[in-house]
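This is what each chain is made of:
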Amino acid sequence: MPKSKRNKIVSLSKTKKKGKEHKESIVNSIREAAESYNSIYVFSFENMRNLKFKEFREQLKSTSRFFLGSNKVMQVALGRSASDEIRPGLYKVSKLLRGDAGLFLTNMPREEVESLFNKFEENDFARTGSIAAEKVELLEGPLDQFTHEMEPFLRKQGMPVRLNKGVVELVSDFVVCEEGKPLSPESARILRLLGIKMATFRLDLICRWSPEDFELYKEGLDESDVECA
């Protein structure tokens, strides 16, 4: 018997993949911004938190602009070598767009930028796969911070617990996480329940470019690293 065509599922929304036009738009936006702002910085980030970053970006939008995304696309926009850079010396900036990095273009004074980035830090709960900053161990005995309703959930996270006269109790010592090791989904959930924040979202300046000079901030880097990158 042939299949009925009346039950065919039709998608009401279609999304296009970000292709060549999208990349060209980003390249053009970066190039226009590079002509408009006095200074260009490369920064790295750890434990990105989108909401906090958005708030930081909004705070500076009157004087500055941020770009995050494909390092390759940002490199193309600035120029990968001295022969195709859009302004003298910008290829040095391009070479330092590696890993978790972004561009910050601004008209703010250097001292103000450095102060803002150095002060920016947000503690948050670590996610699955993050590296534990310390060892967390719970000792055998009552866990007064948890209500009796939590006992089944805690057991599902691998904790050796039981109810003793309505009180959640650990029947043996339990290691939530080990320093230097990745967090499992269960460990991340338990740390959140315990209120332990192990992740710090921060932005670190790597370099600064202006028409007059180029400066490296990152320790362990020098001009030869940029030339050879």
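As a reminder, the structure under discussion sits directly above these lines.
Residues numbered from 1 in each chain as written. Predicted model: local features only at pLDDT ≥ 70, side-chain atom pairs only at ≥ 80, totals over all residues. Heavy atoms only, no water.

Asker: Looking at this structure, how should I read the side chain of Ser 94?
Answerer: You can see Ser 94 is positioned in helix α4 (residues 90–95). In this structure, Ser 94 is in contact with Gln 75, Leu 78, Gly 79 and Arg 80, ignoring residues within four places of it in sequence. (Helix = DSSP H or I, 4+ residues; strand = E, 2+ residues; numbered from the N terminus. Contact = heavy atoms within 4.5 Å.)

Asker: Explain helix α3 (residues 71–78) to me, please; I cannot follow it from the model alone.
Answerer: One full turn of an α-helix is made of 3.6 residues, so residues set three or four places apart face in the same direction. Across the 8 residues that make up α3, a large majority, 6, are buried. Of all the residues in α3, the buried ones are Asn 71, Val 73, Met 74, Gln 75, Ala 77 and Leu 78. Trailing α3 by a residue or two, Gly 79 shows a phi angle of about 110°, which is positive. (Buried < 20%, exposed > 50% of the residue type's maximum accessible area, 1.4 Å probe, protein only.)

Asker: I would appreciate a short explanation of the sheet that holds strand β7 (residues 161–164) in the present structure.
Answerer: Neighbouring strands of a sheet are bound in pairs by backbone hydrogen bonds; such pairs are parallel or else antiparallel. Strand order in the open sheet made by the 3 strands is β6-β8-β7, with antiparallel pairing throughout. Looking at which strands have only one partner, the edges of the open sheet turn out to be β6 (141–142) and β7. (Pairing = 2+ DSSP bridges.)

Asker: Explanation requested: the packing of aromatic side chains in the structure shown.
Answerer: The relation between two aromatic rings is expressed through the spacing of the ring centres and the mutual angle of the planes. Per the counting criterion, the structure on display carries 13 aromatic pairs. Ring plane angle 90° and centroid distance 5.2 Å describe the contact between Phe 120 and Phe 201, whose orientation is recorded as edge-to-face. Of this pair, Phe 120 sits in the loop between α5 (110–119) and β4 (121–124) while Phe 201 sits in strand β10 (residues 199–209); the two residues are 81 residues apart in sequence, bridging distant segments of the chain. One cation-aromatic arrangement involves Lys 197 over Phe 125; the distance from NZ or CZ to the ring centre is 5.5 Å. (Phe/Tyr/Trp six-rings, centres within 6.5 Å; stacked < 30°, edge-to-face > 60°. Lys NZ or Arg CZ within 6 Å of the ring centre and 35° of its normal.)

Asker: Would you explain unusual backbone geometry in this entry?
Answerer: Leave glycine aside and you will find that most residues have negative phi; peptide bonds, for their part, are mostly trans. Look at Asn 47: it is not a glycine, yet its phi comes out positive at around 55°. Here Asn 47 is to be found in the loop between β1 (39–46) and α2 (50–60). Non-glycine residue Lys 165 carries a positive phi angle of around 55°. With respect to the element layout, Lys 165 can be found in the loop between β7 and β8 (167–170). Take Lys 165: its relative accessible area is 83%, and that puts it in the exposed class.

Asker: Can you walk me through the nonpolar core in this structure?
Answerer: Counting 23 residues, the largest nonpolar core has Ile 40, Val 42, Val 93, Leu 103 and Leu 105 as the members making the most contacts within it. Membership of the second largest hydrophobic core comes to 19 residues, among which are Leu 154, Val 168, Val 176 and Ala 199. (Core = buried A, V, L, I, M, F, W, Y, C linked by side-chain atoms within 4.5 Å.)

Asker: Sorry if this is basic, but what is going on with the pattern of salt bridges here?
Answerer: Where charged atoms from two side chains of opposite charge come close, those side chains can pair. Scanning the entire structure with this criterion turns up 14 salt bridges. Between Arg 202 and Glu 46 there is a salt bridge, with the nearest N and O atoms lying 3.9 Å from each other. Placement of Arg 202 in strand β10 and of Glu 46 in strand β1 is noted, with a sequence separation of 156 residues between them. Of the residues examined, Arg 202 reaches a relative accessible area of 25% and is grouped as partly exposed. Among the residues examined, Glu 46 registers a relative accessible area of 37% and is labelled partly exposed. (Salt bridge = Lys/Arg side-chain N within 4 Å of Asp/Glu carboxyl O.)

Asker: Looking at this structure, how should I read the packing of helix α1 (residues 20–36) against α3?
Answerer: Between two packed helices, both the angle of their axes relative to each other and the distance between the axes serve to describe the pair. Close contact between α1 and α3 brings their axes to 9 Å; oriented N to C, the two are set at 50°. The angle between α1 and α3 falls in the class oblique. Crossing geometry of α1 relative to α3 is assigned as right-handed. Residue-level contacts link Lys 23, Ile 26, Val 27, Ile 30 and Arg 31 of α1 to Val 73, Met 74, Val 76, Ala 77 and Leu 78 of α3. Here the residues of the contact of α1 with α3 are counted per class, giving 8 nonpolar, no polar and 2 charged. (Axes fitted to C-alpha atoms, helices over the stretch in contact; angles between N-to-C directions. Parallel < 35°, antiparallel > 145°, perpendicular 65-115°, else oblique. Left-handed = near helix turned anticlockwise from the far one by under 90°. Nonpolar A, V, L, I, M, F, W, Y, C, P; charged D, E, K, R; others polar.)

Asker: Can you help me understand the pairing of β10 in this one?
Answerer: A regular strand carries its side chains on alternate faces of the sheet. The buried fraction of β10 is high, at 9 of 11 residues. Relative to β10, β1 is paired through 7 bridges, and the arrangement is antiparallel. Across the sheet, residue Val 42 finds its bridge partner in β10, namely Cys 207. Relative to β10, β4 is paired through 4 bridges, and the arrangement is antiparallel. Looking across to β10, one finds that Asp 124 is bridged to Ala 199. Of the strand pairs in this sheet, β10 and strand β11 (residues 214–216) are connected by 3 bridges, and their pairing is antiparallel. Residue pairing across strands places Arg 208 opposite Glu 215, the latter belonging to β11. If you look at the hairpin formed by β10 and β11, you'll find 4 residues sitting between the two strands.

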